[in-house]
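An overview of the molecular structure
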Amino acid sequence: MRKLHLLLGILLLTITVNAQINTFDLSSYKLPDIKRHQLDINAGFDGGNKYYDSYQRLDSDYTEKSNGIGGDFGIGYRFYRNSENYQGNQYVGIGLRSDYSDERDEDGYVGEELYFSNNFQINSNNRFYMNNKFFLESDLLFTQYYSKSDENYDLNNVENINKDLSLNVRLGLGYGRIEEVQDAWLATYILKDLQENGKLTRTPTNEEILEFSSLISQLKNERFFDARLQKIKEIEEVDKFLQSKNLIENADARYFTAVNDNWDNAATQIRTSGNRLSFLIIPYIKSSSNFYEIDNLSIVYTTDRNITEYKVQALLILNNAKPIDLHWQRSFSVSLSGNYMKGLYKTIYDDINNETEISSPQLISMLDYIIKYYPNSRTNLSMGAYINFKNYFGKEEIDNIENDINHLNITPGINFSLNYYISPQLILDASYNIYYDYTESNSNYYEHIDNDDFIKRNQFNQSISIGFKYQIF
C-alpha cells in the first residue's frame, strides 16, 4: 500500500507540474526592445477547379468548368521593430507565377490557357506610441503587377496583358497594442519538455518563466556572422540561466537535446496577443491597363483599356489576438470603411473610343475569424472563416450618358492551412480554400457592361496548394 501511495503521489505531482507549465498565460509576456530580420524564399505548386454559372438579362445562361495547375517563386525581406514607443513592420518582396489550365462547357472541351505574372511590393507599417496604449499610425503601400496570358480556344488565339500600379498612404490614430509572444511560447516548451524528461528539479514560477522569456528575446535579437557561434552562445546562455535558478541538476545529453530541438523549431512560429482599434484616413491612387487581342482565322480584334482611380478612404478596424493556451490561438478582425472614388475608364476597341467617368461612394465591411492549433513545436494547423461585403453606388457617365450605379458583392469563405517545419529554415506549406461569390451589378465601370444591362453572378471556387518556404535568416 505504501508503494501504491508513493506511485500515486508521484503521478499526481507530475500532472500538477505539467498543468502549471501548460497553463502559463502567454498574454502576460511583454516583448522588450527588439529588432528582427528575416529573408524568405518561397516555392510552391498548386492546383484547383472552378464551377462558374452566369446569367444576364440580355443574354443566356452560361456554365463553365475549369481545372488548372501552377507554381510560384518569391523572395521577401522583413524587418520587425518593437519598443516602448514604436512598433513597425517593413517588407520588400518580389514574386513570380506561372499557370496552365483547361476549360470545358456543357458541350465538352473549350480551350487552354498559359499564364505568367510578376509583382513587386513595398509595405511600411509604423505605429508611434504616445503612452502604453494610444498611438499615431503612418503606413505606406506600393505595389506593381504585370501578367500575360496566351489562350487557345477552338479557332481563336487570345493574348491578354495586364499592368497595375498603386500607391496608398495611411494616416491615423488608435488605441491598443498587439505583441508577438512566441518567445514566451518557446520558454514554456523548453521547460515542459525538460519536465517530461525528468530534468527539472522543481516547478518554475511565473516570474521565472517571464524572465526566461525575456532572455530568449534578447538572445534572438543578437546578430552573428557565423551561425555555429550564434548557436553555441545561445545554448550556453540558456544553460547558464537554468543552472542559476537551480532548475537543472544533471546537464546530460538528454537535457541539451531537448533544449536544442525546441530552440531550433519552437522559435520559428509566430504567436501574438492583444487588442488594437485603429481609425485611418487613406488617400489612394491606382493606374491599370489591359491589352486584349483576338486572332480569329487571321482576323484580328484588339481592345485597349486604361483605368485611373483616385480614392479617399475612412477605415475603422478592430484586431484581436488571443493565445488561449500553449496549443491554441484565436484571432479575429472586423473592419468598416467608407470610400469616395473618382475614376476614368477608357476603352479603345478597333479604333472606337469609349470613356466612362465615375463618382462613386463605396461601403465595404469585412469579418475574419481564425483559430490555430499547435500540436507540437514543429507544426501548426489553422482554420479560418470570413465574409466580405461591398456595396458601390453613385453615378457613372458613359459617353455623356449618365447612369445610377448599383453594385453589390458578397463573398463568404472558409480556408484551412498546415505548416510543418522540416527544419528551422525549411517549411512545408499546404492550404485549402473554398468560397462563394455573389455579384449583382449594372455598372460598366465595375463589371464592364453597358448601362442598359445588368449582371447577376453566382460563383463557387475551391483551390488547394502545396509549397515549400526556405528562410535564409
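This next bit is on the side chain of serine 288. Turning to its location among the elements, serine 288 is positioned in strand 7 (residues 272-296). Looking at serine 288, its side chain comes within polar contact range of the side chain of aspartate 164, at 2.4 Å. Not counting chain neighbours up to four residues away, the residues in contact with serine 288 comprise Lys163, Asp164, Arg305, Asn306 and Ile307.

What follows is about the packing of aromatic side chains. All chains considered together, the criterion is met by 13 aromatic pairs. Seen in terms of ring centroids, tyrosine 129 and phenylalanine 135 are 5.3 Å apart; in terms of plane orientation they differ by 50 degrees. Their pairing is tilted. Each member of the pair, tyrosine 129 as well as phenylalanine 135, carries the same accessibility label: buried. Ring plane angle 65 degrees and centroid distance 5.2 Å describe the contact between tryptophan 185 and tyrosine 374, whose orientation is recorded as edge-to-face. Within this pair, whereas tryptophan 185 is found in helix 2 (residues 182-196), its partner tyrosine 374 is found in strand 10 (residues 352-376), the two being separated by 189 residues in sequence. The class for tyrosine 374 is buried, based on a relative accessible area of 1%. One aromatic cluster in this structure is built from Tyr345, Tyr392, Tyr445 and Tyr446. Taking NZ or CZ as reference, lysine 311 lies 4.9 Å from the ring centre of tyrosine 284, over its face.

Right, let's talk about the pattern of salt bridges for a bit. Any two side chains of opposite charge can pair if their charged atoms end up close together. On inspection of all chains with the given rule, the structure shows 16 salt bridges. Close ionic contact of arginine 36 with aspartate 183 constitutes a salt bridge, the shortest N to O distance being 3.0 Å. A residue pair is termed long-range when its members are at least 10 positions apart, and arginine 36 in strand 1 (residues 34-56) and aspartate 183 in helix 2 qualify at 147 residues. Taking the relative accessible area as the measure of exposure, arginine 36 reaches 17% and is therefore buried. Aspartate 99 is the partner of arginine 97 in a salt bridge, and the nearest nitrogen-oxygen pair spans 2.9 Å. Overall, aspartate 99 belongs to the buried group, its relative accessible area being 18%. Three or more residues are tied together by salt bridges with common partners; here these are Asp72, Arg97 and Asp99.

Formed by 35 residues in total, the largest nonpolar core has its most connected members in Leu194, Phe212, Leu242 and Trp263. For this core, the secondary-structure elements that each account for two or more residues are helix 2, helix 3 (206-221), helix 4 (227-244) and helix 5 (253-265). Broken down by element, this core gets its largest block of residues, eight residues, from helix 2. Counting nine residues, the second-largest nonpolar core is a separate cluster that includes Met341, Tyr345, Ile358 and Ile364.

The next point concerns helix 3. Helical periodicity: at 3.6 residues per turn, an α-helix aligns residues three or four positions apart in one direction. Taking 1.5 Å of rise per residue, the 16 residues of helix 3 would be expected to cover 22 Å, and the 23 Å separating its terminal C-alpha atoms lies within 8% of that figure. What helix 3 keeps buried is the set Glu208, Ile209, Phe212, Ser213, Leu215, Ile216, Ser217, Leu219 and Lys220.

Detail in the predicted coordinates should be disregarded across regions flagged by low pLDDT. Across the protein, the average pLDDT comes to 86, with 90% of residues at or above 70. Mean pLDDT values for the elements of the protein range from 51 in helix 1 (residues 2-22) up to 94 in strand 5 (residues 134-153). Every residue in residues 10-18 is under pLDDT 50, and counting partners more than four places away or in other chains gives six contacts.

Attention now moves to the packing of helix 2 against helix 3. Between helix 2 and helix 3, the least distance of the axes is 8 Å, while the angle of their chain directions is 120 degrees. Like other packed secondary-structure pairs, helix 2 and helix 3 cross with a definite hand, here right-handed. Residues Asp183, Ala184, Leu186, Ala187, Thr188, Ile190 and Leu191 of helix 2 touch helix 3, and the partners they reach there are Ile209, Phe212, Ser213, Ile216, Ser217 and Lys220. By residue class, the composition of the contact of helix 2 with helix 3 is eight nonpolar, three polar and two charged.

Thresholds, definitions, all that
Residues numbered from 1 in each chain as written. Predicted model: local features only at pLDDT ≥ 70, side-chain atom pairs only at ≥ 80, totals over all residues. Heavy atoms only, no water. Helix = DSSP H or I, 4+ residues; strand = E, 2+ residues; numbered from the N terminus. Polar contact = N/O pair within 3.5 Å; in protein donor to acceptor, adjacent residues only side chain to side chain. Contact = heavy atoms within 4.5 Å. Phe/Tyr/Trp six-rings, centres within 6.5 Å; stacked < 30°, edge-to-face > 60°. Buried < 20%, exposed > 50% of the residue type's maximum accessible area, 1.4 Å probe, protein only. Lys NZ or Arg CZ within 6 Å of the ring centre and 35° of its normal. Salt bridge = Lys/Arg side-chain N within 4 Å of Asp/Glu carboxyl O. Core = buried A, V, L, I, M, F, W, Y, C linked by side-chain atoms within 4.5 Å. Expected span 1.5 Å × (residues − 1). pLDDT = per-residue confidence, 0-100. Axes fitted to C-alpha atoms, helices over the stretch in contact; angles between N-to-C directions. Left-handed = near helix turned anticlockwise from the far one by under 90°. Nonpolar A, V, L, I, M, F, W, Y, C, P; charged D, E, K, R; others polar.

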